[in-house]
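Structural overview
Residues per chain, in single letters:
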Amino acid sequence: MRIAVAYKDGEIFEHFGHCECFAIYEYGDVVEDCTKTLVDCSDRHGHKAMADLMREQQVDAVLCGNMGSEARALLLSYGIVPVAGYCGHADTAADMLVTGQLPVDPGAGACGGGCGGCGGGCHHDEGGCGCHDDDEESGGCCCH
């Protein structure tokens, strides 16, 4: 399985269409059998360009803080599962997703332009996603 995580400084980046780097995790038969590759996408902008990159990278799922409905629709049309509404450590979240420990809520992290639709109160203007990085239960991966 290949999972792409919107990535910045080891953390899940808050918005799919504005991400400058994705971490691509390729998992083998066990979680410990994983390779991580960073993909620079600073030359791409917008939902279509990012969705096309995900298709080029042959990912199965994309994990990020927030994602608009256009991006979700594009990913789904490519057979890629969008997973939004999370923040925290990217490596931990990818491992949790691949092992089924990260709930996939189709409505979470739905961003309506200015991030007002984020399930966790995105606080985009304040530079954060409004998540609880210190949440012990989820390993810092929550935005619901």
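Just above, that's the structure.
We now turn to the structure provided with this report. Quantities reported herein were computed from a predicted structural model and do not represent experimental measurements. (Residues numbered from 1 in each chain as written. Predicted model: local features only at pLDDT ≥ 70, side-chain atom pairs only at ≥ 80, totals over all residues. Heavy atoms only, no water.)

1. Topic: the packing of aromatic side chains
Put simply, the rule is: Working definition: rings of Phe, Tyr and Trp (its six-membered ring) pair if their centres are within 6.5 Å, and the pair is stacked with planes under 30 degrees apart, edge-to-face with planes over 60 apart, and tilted otherwise. Relative accessibility thresholds used throughout: buried, under 20% of the residue-type maximum; exposed, over 50%; partly exposed, between the two (1.4 Å probe, protein chains only). Counting as a charge over the ring demands two things of the Lys NZ or Arg CZ atom: a distance within 6 Å of the ring centre and an angle within 35 degrees of the ring normal.
Overall, the coordinates contain two aromatic pairs when judged by the stated rule. Centre to centre, the rings of F16 and F22 are 5.9 Å apart; their planes meet at 65°, and the pair counts as edge-to-face. Of the residues examined, F16 reaches a relative accessible area of 0% and is grouped as buried. Classification of F22 as buried rests on a relative accessible area of 0%. For R55, the ring lying beneath its charged end belongs to Y78, and the centroid distance is 3.9 Å.

2. Observations regarding the state of the cysteines
Rule in force here: Two cysteine sulfurs form a disulfide in these notes if their separation is within 2.5 Å.
Counting across every chain of the model gives zero disulfides. Not part of a disulfide, C19 finds its nearest cysteine sulfur in C41, a span of 4.8 Å. Residue classification places C19 among the buried residues on the basis of a relative accessible area of 1%. C21 takes part in no disulfide bond, and the closest cysteine sulfur to it belongs to C19, at a distance of 6.3 Å.

3. Looking at the environment of A71
This is how the line gets drawn: Secondary structure elements follow DSSP: runs of H or I no shorter than four residues count as helices, runs of E no shorter than two count as strands, and numbering proceeds from the N terminus. We call two residues in contact whenever any of their non-hydrogen atoms come within 4.5 Å of each other.
Inspection of the secondary structure assignment puts A71 in helix α2 (residues 69-77). Owing to a relative accessible area of 0%, A71 belongs among the buried residues under this scheme. Measuring from C-alpha to C-alpha, the distance between A71 and A51 comes to 6.8 Å, with 20 residues separating the pair along the chain. Each residue touching A71, except ones within four places of it in the same chain, is listed here: F16 and H47.

4. Side note on the pairing of strand β1 (residues 2-8)
Quick note on the threshold: Two strands are counted as paired when DSSP detects at least two bridges linking them.
Judged by how many residues are buried, β1 sits mostly within the fold: six of seven residues are covered. Judged from the five bridges that link them, β1 and strand β3 (residues 21-27) form a sheet pairing that is antiparallel. Looking across to β3, one finds that A4 is bridged to I24. The pairing of β1 with strand β5 (residues 61-64) spans three bridges and is classified as parallel. Looking at the pairing, V5 lines up with L63 of β5. Of the pairings in the sheet, the one linking β1 to strand β2 (residues 11-12) comprises two bridges and is antiparallel in character. Considered in β2, the bridge of Y7 is made with I12.

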